Amino acid sequence: MAATVHAVLTIALRDLRQRVRDRSAIILAVVAPFALAYLFSVMLPGGSAAFHTSYAVVDLDGGPVARSLVNGPLAALKEAGVADVTAMADEAEARAKVEDGAMAAAIVIPAGFSDAVGAGRAAELKVIGGADATLAAGVARSVLKGFASGVESVQVSIATVLVSSGAAPDPALIARLSGEALAVPDPIILADDRTADRVASNMTFYAASMAVLFVFFAAQFGVTSLLAERRAGTLARMLAAPISPQTVLAGKVLVSIVLGVVSMGIVALGTSLLIGARWGDPVAVAALIVTTVLAASGIALLVVGFAKNEDQAGGLTAIVAMTLAVLGGSFFPMSQAPEGLAQLSLFTPHAWFLRGVNDLASGAGVEAVVSSLAVLTAIGLGSGGLGLLRARSVVLAR
Amino acid sequence: MPTPVLDCRDLRKRFGSRTAVDGVSFSVAAGETYGLLGPNGAGKTTTISMICGLLGRDGGEVVVDGRPIDVGSTDAKAAIGYVPQDLAIYPDLSARENLRFFGRLQRLSGRVLETRVGEVLELIALSERADDRTSEFSGGMKRRLNIGIGLLHRPRLLVLDEPTVGVDPQSRNAILSSVADLGSEGLAILYTTHYMEEAERLCDRIGIIDEGRIRAEGTRRELVGLIGEKDRVTLVAGGSLGPAARALASVERVQEATATDGRIELVVEEARSLLPRILQEAAAAGAVVRSVEVVEPDLEAVFLHLTGKALRD
């Protein structure tokens, strides 16, 4: 047993030494994921990052209903950190701010708005959207539609009460009552705590997604060298020594695991220290990394089992890694993906790793990632088991 | 015969519908160099791979140093030093690092490993370049290191698979001398080649292999004897050539003796052992011998006789 462990370590250390000398391995395993994580997070805002915009509000009415809009839904946007809301004196100023990009959109409450509401007449609210801020304008319209719906409900209620009491409808009274009614907090608060909403910051998301994408390239270095050594004849020479084929395989798989853990570990640590990624509980992150590397190594071993040479293995690994990365949400958050793709992503290690990171980045502990750890381990053992069977034939093929 | 270091019995291997090795049996004793002589594709490397436990076999048995060997055998393989045809060394490592790596796989460690690495570097004349990367080595230096790795753990059986393929004449000569020295030191050597001259020069016994089968086996003399060809001796001489030829024709194992234009041509059995007698009889009959040429039938002729094709086909 000690001789076997010694042989496994001897094989692994030789390969690791070679990889350290090989700059391409360092670039693929560490530099590329780190650089791409930074670039993606800077160049591709949105995604899992919190939405934030700015609105100009022009209240030309000043009446009670207008005040309830400004102090109600629009103030709530500000409180929630969704938008900065800036009051402006006239529409021309607001339009100019939108046109020069200082504001994403402007909301104009025309004079007589409250009176129109009180008289039951059609009342107009105007949204001026910037050319490059359609999402911000869309959000503003959605908020105003919700407010209009509330106004309509209040109008109906007040009119019903006045008619049933026999009082004459007084537009000023109705406008005042509408304003007061709209200012009353909603009796029912919808608590929306879907898991999909527990998302990591943009920086953390791309750090994690690039780490899991490139760990497949890092992990392939170990097992792919089986094919290179078979071609060079050094594999046969190793097998002529008093060691078994399984010992050689174990040495190669160990190299894949070490390279994968080092790659993901450096990316996690580096992005945390240098570009502000927040991965969460270190112990849980470490467990996620180890199980993800296990899965990547297993899949890489399986790929090697079907390849004729190291070039073919490299090509196949790239195809598999990129396909899994796209399906698994390495390039965009699964929370924005169609339902079908989101379901499909659950067959990839990427999705389970990113789901785990999302949970941990949101402050959850290791208990929140147990399912991710279990699935990743299962993928690693399953693919690795099949890979070992295939790779043994690679070792013994002459 | 002492207990052989290597004993192969009825080895068989098929790849799909093709039979690569078909009932190969032979043995190699300590201090003996056994040559497997055959053209490319004859089954030499497949046979060696099964002997070294690198390839599973469909039938037969391999025993090395008293222990059976198969794929998955570990301890028994320690008795074998394998020198593959390819240069199975790491170009990114130095000669010393290559030796250390394979030495560790052979379960050497610590001072024993370092001592042995130094000895082998001396043996293969690479001590001065020990710490240079092998990617900077000449072809001959790489070949020497390739052989040195096989000797590192002091094996009982050294298996060399065509170690001189692609080697310049000078390095080839050095390799052959080294192998001959190793054989004389008591190592059992299995040497495959398709070069007749190497087999004749190095091997105590030779197995002629073709299409996966041993066609004949024995010493060079025994193999040549199989085809009935005799040695030819030419004496360049003066004096009484006719009487000398007649006298020589009566000598035992001389089958023909004819005098022609300053020469006596003889057809004899085992010319080397009979040569002193021939010279003595020729002188006694009045011939003045100036030079002697002995032409013995070679293994090329044997191979042609046995297989109907040339060795290098």
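Definitions and cut-offs
Residues numbered from 1 in each chain as written. Chains lettered and ligands numbered in written order. Predicted model: local features only at pLDDT ≥ 70, side-chain atom pairs only at ≥ 80, totals over all residues. Heavy atoms only, no water. pLDDT = per-residue confidence, 0-100. Helix = DSSP H or I, 4+ residues; strand = E, 2+ residues; numbered from the N terminus. Buried < 20%, exposed > 50% of the residue type's maximum accessible area, 1.4 Å probe, protein only. Polar contact = N/O pair within 3.5 Å; in protein donor to acceptor, adjacent residues only side chain to side chain. Contact = heavy atoms within 4.5 Å. Phe/Tyr/Trp six-rings, centres within 6.5 Å; stacked < 30°, edge-to-face > 60°. Expected span 1.5 Å × (residues − 1). Pairing = 2+ DSSP bridges.

Participant: I'd like a description of the confidence of the model for chain B, backed by residues and values.
Facilitator: Mean pLDDT for chain B: 89, with 98% of residues reaching 70 or above. Across chain B, helix H2 (residues 95–105) of chain B holds the top mean pLDDT of 95, while helix H10 (residues 299–307) of chain B sits lowest at 81.

Participant: An account of the side chain of Ser114 of chain A is requested, with residue identities and associated values reported.
Facilitator: Residue and element names in this part refer to chain A. Relative to the assigned elements, Ser114 resides in helix H5 (residues 113–119). Residue classification places Ser114 among the buried residues on the basis of a relative accessible area of 2%. A polar contact of 3.4 Å, which involves the side chain of Ser114, links it to the backbone nitrogen of Ala66. Residues within four places of Ser114 in sequence aside, it is in contact with Asp61, Gly63, Pro64, Val65, Ala66 and Ala175.

Participant: Explain the packing of aromatic side chains residue by residue, including any values.
Facilitator: A full pass over the atoms with the stated rule returns 7 aromatic pairs over all chains. Ring centres 6.3 Å apart and planes at 55° place the aromatic pair Trp279 of chain A and Phe353 of chain A in the tilted group. Of this pair, Trp279 of chain A sits in the loop between helix H10 (245–274) and helix H11 (282–306) while Phe353 of chain A sits in helix H14 (residues 349–361); the two residues are 74 residues apart in sequence, bridging distant segments of the chain. Put simply, the rings of Tyr90, Phe101 and Phe102 of chain B pair up and form one aromatic cluster.

Participant: Could you give an account of the environment of Leu273 of chain A, with specific residues and numbers?
Facilitator: For Leu273 of chain A, the position within the fold is in helix H10. With 92 residues separating them along the chain, Leu273 of chain A and Ala181 of chain A place their C-alpha atoms 50 Å apart.

Participant: Which residues make up H10 of chain A, and what values go with them?
Facilitator: Side chains three or four residues apart in an α-helix point the same way, a direct result of the helix having 3.6 residues per turn. Here H10 of chain A contains 30 residues, and its C-alpha end-to-end distance of 43 Å stays within 8% of the 44 Å for a straight helix at 1.5 Å per residue. Following H10 of chain A by one or two positions, Gly276 of chain A has its phi on the positive side, about 80°.

Participant: Can you break down the pairing of strand E12 (residues 254–260) of chain B residue by residue, with the values?
Facilitator: Residue and element names in this part refer to chain B. Where E12 lies against strand E13 (residues 263–268), 6 bridges are found, and the strand directions are antiparallel. Pairing of Ala257 across the sheet is with Leu266, part of E13. Between E12 and E13, which pair antiparallel in sequence order, lie 2 residues; one of them, Asp261, sits at a positive phi of approximately 35°.

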